[in-house]
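# Architecture and fold: a report
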Amino acid sequence: MGKDLHELLRSLRVWDVDLPAFDPATAPAEPLALFTDWFAQAVAAGQVEPHTMSLATADEEGLPDVRTVMLHGADASGWSFATHVDSRKGRQLTARPHAALGFYWPAQGRQVRLRGPVTAAPSTESQADLHARSTGALAAALTGRQSQVLGSLEELARTSEAAWERARHEPGTPVPTWTLYHLHAEEVEFFQGDAQRRHVRLRYRRTEGGWARELLWP
């Protein structure tokens, strides 16, 4: 008989590695520079899929939803991700154009949390983003119908196979529903874990005069 869930949970440990130090006094004046630095360090530390993140949205009734998506970029336009505008998260962003993002990099005991308004990029920018990605990404976008009820795995296989064939032979095929979104961060928090549980939390808040920085109790 295997272990039950509670036994498994009690047997687990977190951050069984040497964690880096983080002195918030040395942090840059704006969060994008620190995010870029931490992201590069996560890659160098061997963090698996550091570009994946949790995306939290809310529906028309205010009920929350969350899923894992891929970061497409981070610059002056904001932190970017993409989906079909008629998908579940696309519809939620249309109804309530605000979201939160969460990155977790256990290789270094680090988290980054962001929240703010979300805007949809123009169609030309969205299509350029899609066609700069892999053949598989285009095939998935062409398969479409994201979040709709699926009749069978056989139906998915047939539709996906046709989408892959088209993506290989027509790499410039547009997908009108594919939309690139930019989260314009109003708050960005950097969390550095500590083995003694003295975690360091640095929050950036956007103000009229620029970014304000403050420490938070762990």
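Shown above is the structure to which this text applies.
Below, the structure is looked at part by part. Just so we're clear, the structure is a prediction, and the values are computed from it rather than from any experiment. (Residues numbered from 1 in each chain as written. Predicted model: local features only at pLDDT ≥ 70, side-chain atom pairs only at ≥ 80, totals over all residues. Heavy atoms only, no water.)

### Digging into the environment of R205
- In this fold, R205 is placed in strand β9 (residues 200-207).
- Distance from R205 to R158, taken between C-alpha atoms, is 48 Å for residues 47 residues apart in sequence.
- Once residues lying within four places of it in the same chain are set aside, the contact partners of R205 are E186, E187, G210, W211, A212 and E214. (Helix = DSSP H or I, 4+ residues; strand = E, 2+ residues; numbered from the N terminus. Contact = heavy atoms within 4.5 Å.)

### Thoughts on the nonpolar core
- By size, the foremost hydrophobic cluster in this structure holds 27 residues, and its most contacted members are W79, F81, F103, V112 and L114.
- Secondary-structure elements contributing two or more residues to this core are α2 (31-44), β1 (52-58), β4 (78-84), β5 (98-105), β6 (110-120), β7 (178-183), β8 (187-192) and β9.
- The residues touching V112, leaving out its near neighbours within four places in the chain, are F35, W38, L101, G102, F103, W105, V188, E189 and F190.
- Ranked by size, the runner-up nonpolar core spans 10 residues in total, among them L138, V175, W178 and L180. (Core = buried A, V, L, I, M, F, W, Y, C linked by side-chain atoms within 4.5 Å. Buried < 20%, exposed > 50% of the residue type's maximum accessible area, 1.4 Å probe, protein only.)

### What to know about the layout of surface pockets
- One number sums up the size of the largest pocket: a volume of about 350 Å³.
- As for the largest pocket, its lining consists of 18 residues, of which H72, A82, A140, Q146 and W178 are closest to the centre.
- Elements represented by at least two residues in the lining of the largest pocket include exactly β2 (64-70), β4 and α5 (135-143).
- In terms of residue class, the lining of the largest pocket is built from nine nonpolar, seven polar and two charged. (1 Å grid on protein atoms, 1.4 Å probe; cavity = no way out; pocket = protein on both sides within 12 Å on 5 of 7 lines; lining within 4 Å. Points joined across faces, edges and corners; volume = space filled by probe spheres on them. Nonpolar A, V, L, I, M, F, W, Y, C, P; charged D, E, K, R; others polar.)

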